[in-house]
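What the coordinates show
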Amino acid sequence: MTTIRLTAAQAMVRWLTAQLTPSGEPFIAGCWAIFGHGNVAGLGEALEGARDVLPTHRGQNEQTMAHAAIAYAKQLRRRRAMMVASSIGPGATNMVTAAALAHVNRLPVLFVPGDVFAGRGPDPVLQQIEDFADGTVSANDCFRPVSRYFDRITRPEQLLTALPRAMRVMTDPADCGPVTLAFCQDVQAESYDWPESFFAEKIWPFRRPAPDQVEVENIAGMICAAKQPVIVAGGGVHYAEAADALASFAARFGIPVVESQAGKSALAWDHDWNYGPVGVTGASSANIVAAGADLVIGVGTRFQDFTTGSWALFKNPDRRLVSINVAAYDAMKHGAEPLCADALSALEHLTEALEGHRAPPPEPGLKQAWFAAVDPLTDAPDGGNALPTDQQVIGAVQRASHADTVVMCAAGTMPGELHKLWKAPRPGAYHMEYGYSCMGYEIAGVLGIKLAEPDRDVVCMVGDGSYMMANSELATAAMMGVPFTIVLTDNRGYGCINRLQIATGGAEFNNLYAHTGMPNAPAIDFVAHARALGAEAVKAASIGELEAALATRAGRTGPFVIVVDTDPYPSTPHGGHWWDVAVPQTSDREEVRAARKAYEDQLKERS
């Protein structure tokens, strides 16, 4: 057997460069890394030697560079992924939040945190967490519940099995998610005689598990028997590249489609059978159809509580549930009749089984009534000194968008407003991380999206609260020369949660800066801050100025930030649905007691 002598870190890097997609590209498109004493001498040396075939990007924070990697994989529908490397200790645990985000969203990312010395010579090493009762525990055990595959590399030869297992998970349609290979720092630098065959190029196909024919026939029978079916499109439609198939399926059989946050843009907004966003932040058109449905057909959805209105939305007493999902875990949720398969394959098989079927049409005029209600909210104001609303900001960005625009967001006010109001023209035009709804995803995420699809016009919608949580990758984007647009809405605090606080009877407290009780509320100059990080930045004093600034975004060579002050109180009054947010049973506030009464009434109605 021919062997080659390499360190464990060199072997890991070399092996990863040989793992290819069906189109011949390396599945791991690059590595985000911040070096420290737990990886600079081992993995850092290996990455430097392979920088021409595995590019290394230097981030500013381990969590946010991982968000960039995750957004990259999401925008490419899991067809490629990135590696994220950190030192031991705080560098590693900074990535745990990002791992949870990837886990919730079923997205591939390879985490390689440094770890303790396997040989325990310098025990305890700098930044080591010591478990008084278990000598095998390290801080990286935090990754176990948020990884789809976890391994600790304590010997070089363990990579011979660990690396293929890692790739299997990241390319598996059902098990896809984050992988953590905690890499002991002494092992990174240790040499081993590796079989040369281990580094042969390997193509990893993207499998499409076909459905069981018994399940197909069962679900087809349920669809034929339904009087008011509805399809709930989830993120799995995008991951399976099944958007066109879903559009054809809905039109052929006359079944309305409603979209979750992850599923939005599966159908173009003006597709005849797209009834809009569903659930807590849904359109009236979609929620009316969903509430009356006697058969709810989930396609690639986790049935998150925002999608289901905490399961109070689908209230037809005759309602039955079908779940088309590649993961059995999701296909069996809430007593659903499963069709466990790739979404595209499942729709193709159902199309054959439903030949000649046509569902009864839904109530006419629902979409027209919805747009008649909400479109005026996005119009530019007629003047005056009132602060713009978030709806008006969305309208300005919508008018400036085109077929190649991607709008993205993650947390705060904008996800709900965008879900209701944004008119996505085609699949991939709407990138929302709402599975984990992680504040701080936005700035890093927009960078990852633009790296994934450099030719797209990418616009990040972010509030000041989320911007303050994590903005440092703006400097990375400027350093790399990656152009995108950020529309930063400054409502001087956490406007979304402030409104929820009011809605549950609470006093305005600790959300907007004005209600923190602190003597000096900040007046942050976000334009100056963004410029200090290397971005171009301007302040828009009105919707007209916002539109003028948006018109200048093309052709820029780095990030462009537009700051606009907004009113923290208005939200779209139309659509939406109750959401289960527990209200205190006892309170001195009359408003809380009234909110509790309304809450209990909703619980009774749901039961």
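Structural notes, computed from the coordinates. Within each chain, residues carry numbers counting from 1 in the order of the written sequence. pLDDT decides what is reported in this predicted model: residues at 70 or higher carry local features, side-chain atom pairs at 80 or more are listed and counted, and totals for whole chains, interfaces and linings draw on all residues regardless. For the side-chain quantities, the full set of heavy atoms in the structure was used; hydrogens and water were omitted.

Bringing the sheet that holds strand β21 (residues 536-540) into the picture now. What links the strands of a sheet is backbone hydrogen bonding, and the strands pair in either a parallel or an antiparallel sense. Strand order in this open sheet of six strands is β18-β17-β19-β20-β22-β21, and the pairing throughout is parallel. The open sheet has two free edges, formed respectively by β18 (430-432) and β21, since each of these has just one partner strand. With strand direction ignored, the average angle separating the axes of adjacent strands in the sheet is 20°. In this analysis, strands are considered paired if DSSP registers two or more bridges between them. Secondary structure elements are defined from DSSP: runs of H or I of at least 4 residues count as helices, runs of E of at least 2 residues count as strands, and each element is numbered from the N terminus. To get an axis, a line is fitted to the C-alpha atoms, and for a helix only the part in contact is used. The angle between two axes follows their N-to-C directions and goes from 0 to 180 degrees.

Two elements in contact, helix α8 (residues 213-225) and helix α14 (residues 343-353), have axes separated by 9 Å at closest approach and are oriented at 60°. The orientation of α8 relative to α14 falls into the category oblique. The chirality of how α8 crosses α14 is right-handed. Contacts between α8 and α14 involve Q213, V216, I219, A220 and I223 from the former and H349, L350 and A353 from the latter. Each residue gets one of three labels, nonpolar for Ala, Val, Leu, Ile, Met, Phe, Trp, Tyr, Cys and Pro, charged for Asp, Glu, Lys and Arg, and polar for the others, Gly among them. In terms of residue class, the contact of α8 with α14 is made up of six nonpolar, two polar and no charged. Roughly parallel means an angle under 35 degrees; roughly antiparallel means over 145; roughly perpendicular covers 65 to 115; every other angle is labelled oblique. Rotating anticlockwise by less than a right angle from the far helix to the near helix defines a left-handed crossing, while the corresponding clockwise rotation defines a right-handed one. It only takes one pair of heavy atoms within 4.5 Å for two residues to be counted as in contact.

Summarising the element assignment, S265 is placed in the loop between β12 (257-259) and β13 (274-277). A simple rule labels every residue: compare its accessible area, found with a 1.4 Å probe on the protein chains alone, to the largest value its type can have, and call it buried under 20%, exposed over 50%, or partly exposed in between. Assessed through its relative accessible area of 0%, S265 is described here as buried. With residues up to four places along the chain from it excluded, the contact list for S265 reads H238, E259, A424, R426, P427, G428, A429 and Y430.

Ring geometry is summarised as follows: Phe, Tyr and Trp rings, the Trp one being its six-membered ring, pair when their centres sit within 6.5 Å, and such pairs are stacked at plane angles under 30 degrees, edge-to-face over 60 and tilted between the two. Under the counting rule described, the total for this entry stands at 13 aromatic pairs. Both rings, one in W269 and one in F371, keep their centres 5.4 Å apart while their planes meet at 80°; by these two values the pair is edge-to-face. Of this pair, W269 sits in the loop between β12 and β13 while F371 sits in helix α15 (residues 366-374); the two residues are 102 residues apart in sequence, bridging distant segments of the chain. You can call W269 partly exposed: its relative accessible area is 30%. Judged by centre distance (4.5 Å) and plane angle (75°), the ring pair of F306 and W579 falls under edge-to-face. One end of the pair, F306, is in helix α12 (residues 305-308); the other, W579, is in the loop between β22 (560-565) and α24 (590-606), with 273 residues separating them in the sequence.

Attention now moves to the layout of surface pockets. Empty space within the largest pocket amounts to approximately 1,100 Å³. Broken down by element, the residue count for the lining of the largest pocket peaks at six residues, all from helix α21 (residues 495-503). For cavity detection a 1 Å grid was placed over the protein atoms alone, and a set of points counts as a cavity when a 1.4 Å probe fits there but cannot get out; an open set counts as a pocket when protein lies on both sides within 12 Å along at least five of seven lines, with lining residues being those that have an atom within 4 Å of a point. Grid points are joined across faces, edges and corners, and a volume is the space filled by probe spheres set on the points. A volume near 570 Å³ is recorded for the second largest pocket. Lining the second largest pocket are 38 residues; nearest its centre among them are R78, G235, G236, Y239 and G300. At the level of elements, α6 (159-171) and α9 (235-239) are the ones that each hand at least two residues to the lining of the second largest pocket. Looking at the lining of the second largest pocket, the element that brings in the most residues is α9, giving three residues. Class assignment of the residues belonging to the lining of the second largest pocket gives a composition of 15 nonpolar, 13 polar and ten charged.

Geometrically, the link from D123 to P124 is a cis peptide bond, its omega value of -5° lying close to zero. Although it is not a glycine, E241 adopts a positive phi angle of roughly 55°. Despite not being glycine, S310 has its phi angle at roughly 55°, a positive value. Mapped onto the elements, S310 comes out in the loop between α12 and β15 (320-325).

Let us now look at the sheet that holds strand β8 (residues 178-184). The six strands are arranged β4-β3-β5-β6-β8-β7 in an open sheet whose pairing can be described as parallel. In this open sheet, the two strands that pair with only one neighbour each are β4 (56-58) and β7 (149-153). Taking the axes of each pair of neighbouring strands and ignoring which way they run, one obtains an average angle of 20° across the sheet. Examined bridge by bridge, strand β3 (residues 28-33) and strand β5 (residues 81-86) share four bridges and lie parallel to one another.

Think of a salt bridge as a Lys or Arg side-chain nitrogen and an Asp or Glu carboxyl oxygen that are within 4 Å of each other. Following the criterion strictly, the structure yields 32 salt bridges and no others. The closest approach of N and O atoms between D115 and R152, which form a salt bridge, is 2.9 Å. Of this pair, D115 sits in strand β6 (residues 109-115) while R152 sits in strand β7, and the two are 37 residues apart along the sequence. Grouping residues by exposure puts D115 and R152 together as buried. The salt bridge partner of R426 is D404, with a shortest N-O separation of 2.8 Å. Taken together, the residues R426 in the loop between α17 (413-421) and β18 and D404 in the loop between α16 (390-400) and β17 (405-409) connect sequence positions 22 residues apart. Bridged by salt links that share partners, the residues R77, R79, R208, E241 and D342 form one connected network.

One less than the residue count of a helix, multiplied by 1.5 Å, gives the span that helix is expected to have. In a regular helix each residue adds 1.5 Å, so 14 residues correspond to 20 Å; helix α3 (residues 62-75) covers 20 Å between its end C-alpha atoms and thus fits that length. Extensive coverage of α3 is indicated by the burial of 14 of its 14 residues. Polar contacts, as counted here, are pairs of nitrogen or oxygen atoms within 3.5 Å of one another; within protein the pair requires one atom able to donate a hydrogen and one able to accept it, and residues that are adjacent in sequence qualify only if both atoms are side-chain atoms. By the N-cap criterion, in which a side-chain oxygen at the helix start approaches the backbone nitrogen of a residue two or three places on, α3 is capped by N61, the distance to Q63 being 2.8 Å.

What follows concerns a nonpolar patch on the surface. On the surface, M469, Y494 and I497 cluster together to form a nonpolar patch covering roughly 280 Å² of accessible area. Following the sequence through the fold, M469 ends up in helix α19 (residues 464-469). For M469, a relative accessible area of 47% gives the class partly exposed. Two joining distances apply to patches: 9 Å for like charges and 5 Å for nonpolar side chains (Val, Leu, Ile, Met, Phe, Trp, Tyr), and every residue must have over 30% relative accessible area and no salt bridge. For accessible areas, the Shrake-Rupley method is used with a probe of radius 1.4 Å. Any residue's cover is judged against the shown protein chains and nothing else.

Across the interface, α16 lies against α17 with an axial gap of 10 Å and an inter-helix angle of 60°. Judged by the angle between their axes, α16 and α17 are oblique. Both α16 and α17 take part in a crossing whose hand is right-handed. Of the residues in α17, those touching α16 at D390, Q391, V393, I394 and Q398 are T413, M414, E417, L418 and L421.

It is worth spelling out empty space enclosed by the protein at this point. This structure, assessed with the given rule, holds two cavities of 30 Å³ or more. In this model, the largest cavity occupies a volume close to 130 Å³. Taken together, 19 residues form the lining of the largest cavity, with K264, W269, G276, P277 and F371 sitting closest to its centre. Taken together, the elements giving at least two residues each to the lining of the largest cavity come down to β13, α15 and α17. The element best represented in the lining of the largest cavity is β13, accounting for four residues. Tallied by class, residues from the lining of the largest cavity come to nine nonpolar, five polar and five charged. Its volume calculated, the second largest cavity comes out at about 40 Å³. Along its surface, the second largest cavity is lined by S260, Q261, V278, T281, Q304, F306, T307 and H419. Each residue belonging to the lining of the second largest cavity can be placed in one class, and the counts come to two nonpolar, six polar and no charged.

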